Amino acid sequence: SLQGFVINCERRSRHEERYAGSAVWIGAVDVPRGCDTTPHEMEFILRHSGARLVFCDDDRLATAVLQRRDALPSLEHVVVMAPHTAVPGATSLQA
């Protein structure tokens, strides 16, 4: 169960977005953000929401999230919405 998890995802029209959307059905909270959100705003949103799980559109975004991990005490998992990721500390969809 993902109860208590908060999902944050850069919204694009891709089939991987369904993973985040489906998580809502099992108790997660979706906290979407736009692609124009600054790193400071992203940190605030994730910290304020208490995000434990974050779906990232790509390695660039996963790197930005993980660079702020010290400021995000609730963060447990970063998932890159791609078949593979080169970001240490992140997981890909096929992991």
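Nothing here was measured: the structure is a model prediction, and the numbers come from that model.

*Asks:* Got a sec to walk through the nonpolar core? Specific residues and values, please.
*Replies:* Membership of the largest hydrophobic core comes to 17 residues, with the highest contact counts inside it found for Leu-46, Val-54, Cys-56, Ala-62, Val-65, Val-78 and Ala-90. Contributing elements (two or more residues each) for this core: α2 (39-49), β3 (53-56), α3 (59-67) and β4 (77-80). With five residues, the top contributor of residues to this core is α3. Not counting the four nearest positions on each side in its chain, Val-65 is found in contact with Met-42, Leu-46, Val-54, Cys-56, Leu-72, Leu-75 and Val-78.

*Asks:* Residues and numbers for the environment of Ala-86, please.
*Replies:* Inspection of the secondary structure assignment puts Ala-86 in the loop between β4 and β5 (91-92). Overall, Ala-86 belongs to the exposed group, its relative accessible area being 68%. Note: C-alpha distance between Ala-86 and Asp-59 (27 residues apart in sequence) is 7.0 Å.

*Asks:* An account of the pattern of salt bridges is needed here, citing residue identities and associated values.
*Replies:* For side chains bearing opposite charge, pairing can occur when the charged atoms are close. This structure, assessed with the given rule, holds four salt bridges. We note a salt bridge from Arg-47 to Glu-43, for which the minimum N-O separation is 2.9 Å. Here Arg-47 and its partner Glu-43 are both found in helix α2, four residues apart, which amounts to about one turn of the helix. Judged by relative accessible area, Arg-47 falls into the partly exposed class, the value being 40%. In this structure Glu-43 comes out as buried when scored by relative accessible area, which is 18%. Each member of the salt-bridge network shares a partner with another, and the members are Glu-43, Arg-47 and Arg-68.

*Asks:* Can you explain the confidence of the model for the chain? Please cite residues and give values.
*Replies:* The share of residues in the chain with pLDDT of 70 or more is 68%, and the mean pLDDT across the chain is 79. The lowest-confidence element of the chain is strand β1 (residues 6-7), averaging 58 in pLDDT; the highest-confidence one is β5, averaging 94.

*Asks:* How would you sum up the sheet that holds β3? Please name residues and give values.
*Replies:* Spatially, three strands are ordered β3-β4-β5 in an open sheet, and the strand pairing comes out parallel. Sheet topology places β3 and β5 at the edges, where each strand pairs with a single neighbour.

Thresholds, definitions, all that
- Residues numbered from 1 in each chain as written.
- Predicted model: local features only at pLDDT ≥ 70, side-chain atom pairs only at ≥ 80, totals over all residues.
- Heavy atoms only, no water.
- Core = buried A, V, L, I, M, F, W, Y, C linked by side-chain atoms within 4.5 Å.
- Buried < 20%, exposed > 50% of the residue type's maximum accessible area, 1.4 Å probe, protein only.
- Helix = DSSP H or I, 4+ residues; strand = E, 2+ residues; numbered from the N terminus.
- Contact = heavy atoms within 4.5 Å.
- Salt bridge = Lys/Arg side-chain N within 4 Å of Asp/Glu carboxyl O.
- pLDDT = per-residue confidence, 0-100.
- Pairing = 2+ DSSP bridges.

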